Amino acid sequence: MGFARNQWYVAAYGSEVGRHLLARTVLGEPLVLYRTQSGQVVALADRCVHRRYPLSESRLEGDTIVCGYHGFTYGSSGACTFVPGQQRIPRSAKVASYPVVEQDSFVWVWIGDQDRADATTIPRAPWLNDPRYTVVGGMEPLEARYGLLVDNLMDLSHETYLHGGYIGTPEVADTPITTEVDEEKGVIYVSRHMDDAECPPFYAKSTGIEGRITRWQDIEYHPPCLYLLHSRIAPQGQYPPAEGPDSAACHAEIVYAITPSTEHTTYDFWAVARDFAIDDESVTEYLRTSNHTVVMQDVTALNLLERVIAAEPEAYQELSINIDTGALAARRMLARMIGSPVGAAPAGALA
Amino acid sequence: MGFARNQWYVAAYGSEVGRHLLARTVLGEPLVLYRTQSGQVVALADRCVHRRYPLSESRLEGDTIVCGYHGFTYGSSGACTFVPGQQRIPRSAKVASYPVVEQDSFVWVWIGDQDRADATTIPRAPWLNDPRYTVVGGMEPLEARYGLLVDNLMDLSHETYLHGGYIGTPEVADTPITTEVDEEKGVIYVSRHMDDAECPPFYAKSTGIEGRITRWQDIEYHPPCLYLLHSRIAPQGQYPPAEGPDSAACHAEIVYAITPSTEHTTYDFWAVARDFAIDDESVTEYLRTSNHTVVMQDVTALNLLERVIAAEPEAYQELSINIDTGALAARRMLARMIGSPVGAAPAGALA
Amino acid sequence: MGFARNQWYVAAYGSEVGRHLLARTVLGEPLVLYRTQSGQVVALADRCVHRRYPLSESRLEGDTIVCGYHGFTYGSSGACTFVPGQQRIPRSAKVASYPVVEQDSFVWVWIGDQDRADATTIPRAPWLNDPRYTVVGGMEPLEARYGLLVDNLMDLSHETYLHGGYIGTPEVADTPITTEVDEEKGVIYVSRHMDDAECPPFYAKSTGIEGRITRWQDIEYHPPCLYLLHSRIAPQGQYPPAEGPDSAACHAEIVYAITPSTEHTTYDFWAVARDFAIDDESVTEYLRTSNHTVVMQDVTALNLLERVIAAEPEAYQELSINIDTGALAARRMLARMIGSPVGAAPAGALA
């Protein structure tokens with residue numbers, strides 16, 4: 001309980017998957033990933049049918065995996081093609097194969113009933129694969145339930161306190177948010193538009209904009225996995241034109257994929273795509289380092305919070321205020337996807 | 001279960017608490033401690049009401065704590081004075097505040113119903129704050145239930161075996177004890193008077209007394225937290241006069257505060273106050289080092305015993321003999337304070 | 001549940017037991033082992049009757065153990081001979097003593113009802129103590145349940161995949177086995193006779209035989225503890241003569257003692273006795289190093305498998321094929337010894 005099955009999840013960046021065996025655990029299911037000789041990504045259950053040895057600890061031979069313990073051999077469909085000591089291959093010698101889609105630089109896997117997998121429902125993050133944008137990114141394993149990362153990202157007022165000196169300024173925490181829920185599309189929108197704000201170092205050093213700014217943060221969360229933050233930075237008072245491109249502003253498309261690994265661990269995929277200074281490698285390097293620092297500040301805080309919450313009595317109290325409207329909407333939508341009762345369930349109840 | 005609530009416990013030395021945030025967990029309750037600008041010690045629940053982030057991982061600003069995650073701000077009463085993004089502060093935005101008394105160099109906190117806290121019932125250890133005594137001390141975190149430390153301190157015959165070469169000599173284990181229980185005052189007395197004993201290095205090197213000694217050990221245990229050992233060292237045959245000061249003897253007042261942290265961890269506060277060679281810094285240094293070594297011998301043994309007992313079946317057997325009379329009386333008094341059935345409960349049953 | 005009691009187990013090599021206190025846990029029972037002044041091996045329960053302090057953390061004085069905490073003293077029978085602070089020794093002051101037999105270089109202990117211990121039922125491994133053989137050996141603690149080591153050793157087809165480059169060649173996995181169960185004697189036989197096989201480095205470098213070989217592997221498993229592998233290596237086509245010694249072949253007697261320590265840990269005693277190049281120290285050193293490497297390959301794989309299985313749902317699936325016939329017979333015999341229902345119990349069910 002606690003996971004939304006029958007959903008697409010990011011298991012890896014496409015760039016992580018190649019001619020070697022990569023182990024990932026998604027929603028508690030152990031997967032082994034590799035790329036076939038023709039370039040297709042394959043995701044199989046990471047347990048040999050014989051004695052449950054992890055296939056990821058095995059050898060990739062052509063497009064087959066040879067189990068490292070007794071040599072059971074599997075093709076890319078998961079069907080066994082060789083067993084030791086006998087000719088006959090038992091009919092049940094087959095490991096599960098997972099639907100895979102490679103899109104927007106991510107490897108998406110479907111966790112659930114195979115016949116319900118519909119690739120057209122995968123939410124998009126096109127900037128990650130668009131020549132007009134320069135992208136930095138990475139993945140950090142989190143020793144915390146995914147609900148804590150959802151909470152964290154849906155309420156950016158924490159930038160002021162946890163990420164001061166990087167992306168936080170007083171205006172983030174001070175400016176009220178607006179929240180909208182599109183139940184039909186399954187998207188939660190949270191917006192914070194700061195008309196006259198201090199420019200945090202993250203943008204001051206990368207955009208070249210001087211002085212105070214007009215800063216917009218527009219979140220789109222597509223539960224369970226994809227989180228988008230459209231960040232617009234412009235000289236103070238500069239708003240998008242009624243028509244034509246918004247060329248006076250700098251745009252950063254900040255993308256997170258939140259993939260539950262086990263009940264208490266999560267893959268935190270993060271990327272920043274920008275439409276400014278796209279050929280400036282010093283900006284690229286600065287944003288990579290800065291955003292990694294910010295992600296690690298979250299990782300440290302959430303890992304601590306996980307230990308706190310895991311040690312608490314089951315029904316601990318939380319107090320929610322206006323800033324939590326988006327996070328609470330996300331919890332409700334996730335709870336519905338999971339099929340569990342909602343109520344004022346704390347983050348713990350989701351994962 | 002297993003803790004005596006509605007009691008005073010030592011959470012820290014006063015010297016540990018200053019203009020920073022100190023985390024301590026007492027009886028399983030997470031506390032954050034600090035000293036206000038006017039010098040008062042404050043103890044608050046160490047969990048933000050919003051999302052349970054530890055306040056001890058936050059910032060002290062004047063006399064307020066600003067939560068490191070989203071900026072919820074608390075005054076020294078525990079009441080919230082600021083929340084981000086809105087003017088209205090919810091009435092329930094308040095963390096628990098604990099009654100605190102600073103006395104005899106210790107910070108005592110009351111764990112239980114606030115209206116039952118009575119500072120006059122805190123047992124005293126005046127030597128720790130008396131210019132006629134010189135004090136060395138420290139605190140060691142124990143990876144063992146507090147009952148094991150109570151057992152240890154109530155039966156000093158272990159000095160002969162565990163602390164030989166420091167404070168143990170054959171006479172300690174050989175000399176019978178007398179035990180007295182004052183149920184009304186809630187104190188257990190255990191005495192061992194050695195008329196003609198070898199002088200252990202601890203006292204030989206610090207008192208200047210040569211040859212054999214008359215050594216008295218008079219224990220007063222005030223459950224649950226305070227343990228006093230009045231140690232009298234005199235040249236062999238020298239007894240206290242009928243009247244006037246006992247100036248031929250050296251006195252060490254050995255003080256332990258035994259504070260349960262979690263079910264399997266304990267704070268072991270220890271101090272040695274002496275009325276001899278009080279200005280001799282080499283003696284001070286020697287006693288600090290020696291007593292720390294002795295404490296660490298106990299820590300090592302009790303941590304080992306904790307692992308042994310934690311791995312045992314629930315109702316493991318113990319065999320008690322005369323030396324255990326004091327420890328068994330302590331277990332009974334603690335069990336009554338806890339409100340649990342007594343019987344021949346092993347140490348494990350207390351914690 | 002899960003252990004076969006009333007059986008003999010190897011607790012140590014005789015060479016490990018001397019004039020010091022050695023702690024071993026067998027079938028969950030903590031033992032302390034030492035050798036008396038007259039050379040007898042003693043095995044006692046490793047817990048003082050007083051407060052359960054481990055006797056192995058104590059001092060050996062002559063043939064007695066003096067508890068390191070309060071000085072309770074035990075003779076080699078386990079009876080207490082001294083307690084502190086009083087003359088009278090309680091009648092119940094006695095720790096359990098375990099029947100011990102030193103044989104074939106091993107120290108065997110009986111875990112179960114003392115009156116059922118019959119030394120004549122201990123299975124033999126005479127090569128380990130025979131001047132016509134040279135022996136290398138060791139013990140590796142396994143962080144895995146013993147059933148996984150039984151599985152591993154009963155199905156040597158894994159040599160091809162896990163131990164390629166040492167003892168594995170394609171023929172091991174390819175050659176079918178024959179299995180025989182002697183229910184009366186309680187022995188399982190698994191044989192794999194390779195008539196024309198590649199010679200693995202392990203034997204190529206040690207026997208001096210060149211070219212292809214005739215390689216026989218004859219397993220005798222005496223559940224629960226003793227596993228013997230009679231390994232015969234000869235030039236290809238060379239079979240034992242109808243009469244007289246098999247002097248054209250090289251023989252290695254590979255011995256494992258599989259001793260469950262706790263539910264999830266095992267002592268893996270291993271030895272290789274050979275009748276060839278017995279005075280050649282470079283061969284001795286080569287076989288010691290090579291076999292240790294092979295053992296550590298198993299240790300790594302089984303420790304990994306333990307973590308996999310411990311994290312799986314209880315009734316995970318396995319698929320067994322012909323190579324598993326011996327391992328399945330072993331599971332059945334062990335299950336009967338344990339007194340648990342058999343069925344298609346996976347390895348996990350045994351330990």
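Residues numbered from 1 in each chain as written. Chains lettered and ligands numbered in written order. Predicted model: local features only at pLDDT ≥ 70, side-chain atom pairs only at ≥ 80, totals over all residues. Heavy atoms only, no water.

Residue and element names in this part refer to chain A. At a closest axis distance of 8 Å, the pairing of helix H1 (residues 146-154) and helix H6 (residues 325-338) adopts a crossing angle of 145°. By crossing handedness, the relation of H1 to H6 is classed as right-handed. Here Tyr146, Val150, Asp151 and Met154 of H1 come into contact with H6, specifically with Gly326, Ala327, Ala330, Arg331, Leu334 and Ile338. Classifying every residue of the contact of H1 with H6 by side-chain character gives 7 nonpolar, 1 polar and 2 charged. (Axes fitted to C-alpha atoms, helices over the stretch in contact; angles between N-to-C directions. Helix = DSSP H or I, 4+ residues; strand = E, 2+ residues; numbered from the N terminus. Left-handed = near helix turned anticlockwise from the far one by under 90°. Contact = heavy atoms within 4.5 Å. Nonpolar A, V, L, I, M, F, W, Y, C, P; charged D, E, K, R; others polar.)

This prediction gives chain A a mean pLDDT of 95; 96% of its residues lie at or above 70. Across the interface, the model reports ipTM at 0.92; the global pTM reads 0.93. (pLDDT = per-residue confidence, 0-100.)

Turning to H1 of chain A, a few remarks are in order. Taking burial as the measure, the 9 residues of H1 of chain A include 9 buried ones, the bulk of the element. For H1 of chain A, every residue scored as buried is listed here: Tyr146, Gly147, Leu148, Leu149, Val150, Asp151, Asn152, Leu153 and Met154 of chain A. (Buried < 20%, exposed > 50% of the residue type's maximum accessible area, 1.4 Å probe, protein only.)

With that out of the way, let us pick up the sheet that holds strand S10 (residues 106-111) of chain C. Residue and element names in this part refer to chain C. Spatially, 3 strands are ordered S1-S10-S9 in an open sheet, and the strand pairing comes out antiparallel. The strands lining the two open edges of the sheet, one partner per strand, are strand S1 (7-13) and strand S9 (100-103). This sheet shows a mean twist of 30° between the axes of neighbouring strands, independent of strand direction. Where S9 meets S10, 4 bridges bridge the pair, whose relative direction is antiparallel. Bridge pairing links Val101 to Trp108 in S10. (Pairing = 2+ DSSP bridges.)

A few words now on the sheet that holds strand S9 (residues 100-103) of chain B. Residue and element names in this part refer to chain B. The 3 strands lie next to each other as S1-S10-S9, forming an open sheet whose pairing is antiparallel. In the strand order of this sheet, the two ends are held by strand S1 (7-13) and S9, each with one partner. Averaged over all neighbouring strand pairs, the angle between strand axes comes to 30°, with direction disregarded. The pairing of S1 with strand S10 (residues 106-111) spans 6 bridges and is classified as antiparallel.

The way to describe two aromatic rings as a pair is by their centre distance and the angle between their planes. Residue and element names in this part refer to chain A. As enumerated under the stated definition, the model contains 33 aromatic pairs over all chains in all. Measuring from ring centre to ring centre gives 6.3 Å for Phe3 and Tyr146, while their planes differ by 35°; the resulting arrangement is tilted. Of this pair, Phe3 sits in the segment before strand S1 (7-13) while Tyr146 sits in helix H1, and the two are 143 residues apart along the sequence. On the basis of relative accessible area, Phe3 is assigned to the buried category, the value being 16%. Here the aromatic rings of Phe106 and Trp108 are separated by 6.1 Å at their centres, their planes lie at 90°, and the arrangement is edge-to-face. Of the two residues, Phe106 and Trp108, neither departs from the other in class, the shared state being buried. In textbook terms, an aromatic cluster arises when at least three aromatic residues are bridged by ring pairs, as seen for Tyr13, Phe106, Trp108, Tyr267 and Phe269. Lying over the aromatic face of Tyr267, Arg24 brings its terminal NZ or CZ to 5.3 Å of the ring centre. (Phe/Tyr/Trp six-rings, centres within 6.5 Å; stacked < 30°, edge-to-face > 60°. Lys NZ or Arg CZ within 6 Å of the ring centre and 35° of its normal.)

In this section: the relation of the copies chain B and chain A. When chain B is fitted to chain A, the best match, at an RMSD of 0.0 Å, comes from turning it 120° and sliding it 0.2 Å along the axis. On this basis, the relationship between the two copies can be described by a three-fold rotation axis. (Least-squares fit on C-alpha atoms with pLDDT ≥ 70 in both.)

Contacts between chain B and chain A engage 23 residues on the former and 27 residues on the latter. Contact between chain B and chain A buries roughly 2,100 Å² in total, counting both sides, with carbon and sulfur atoms accounting for 58%. Looking only at chain B, the three residues that lose the most surface to chain A are Arg51, Arg52 and Tyr69 of chain B, adding up to 36% of its buried area. At the junction of chain B and chain A, the tally comes to 4 salt bridges. The tally of links from chain B across to chain A stands at 13 residue pairs in polar contact (both at pLDDT 80 or more). (Buried area = accessible area lost by both parts, 1.4 Å probe. Salt bridge = Lys/Arg side-chain N within 4 Å of Asp/Glu carboxyl O. Polar contact = N/O pair within 3.5 Å; in protein donor to acceptor, adjacent residues only side chain to side chain.)

Residues and elements named next belong to chain A. Assignment of secondary structure puts Ile177 in the loop between helix H3 (170-174) and strand S12 (178-182). Ile177 gets classed as buried once you look at its relative accessible area, which sits at 18%. If near-sequence neighbours (up to four positions away) are discounted, Ile177 is found in contact with Val190, Ser191, Arg192, Asn322, Ile323 and Thr325.

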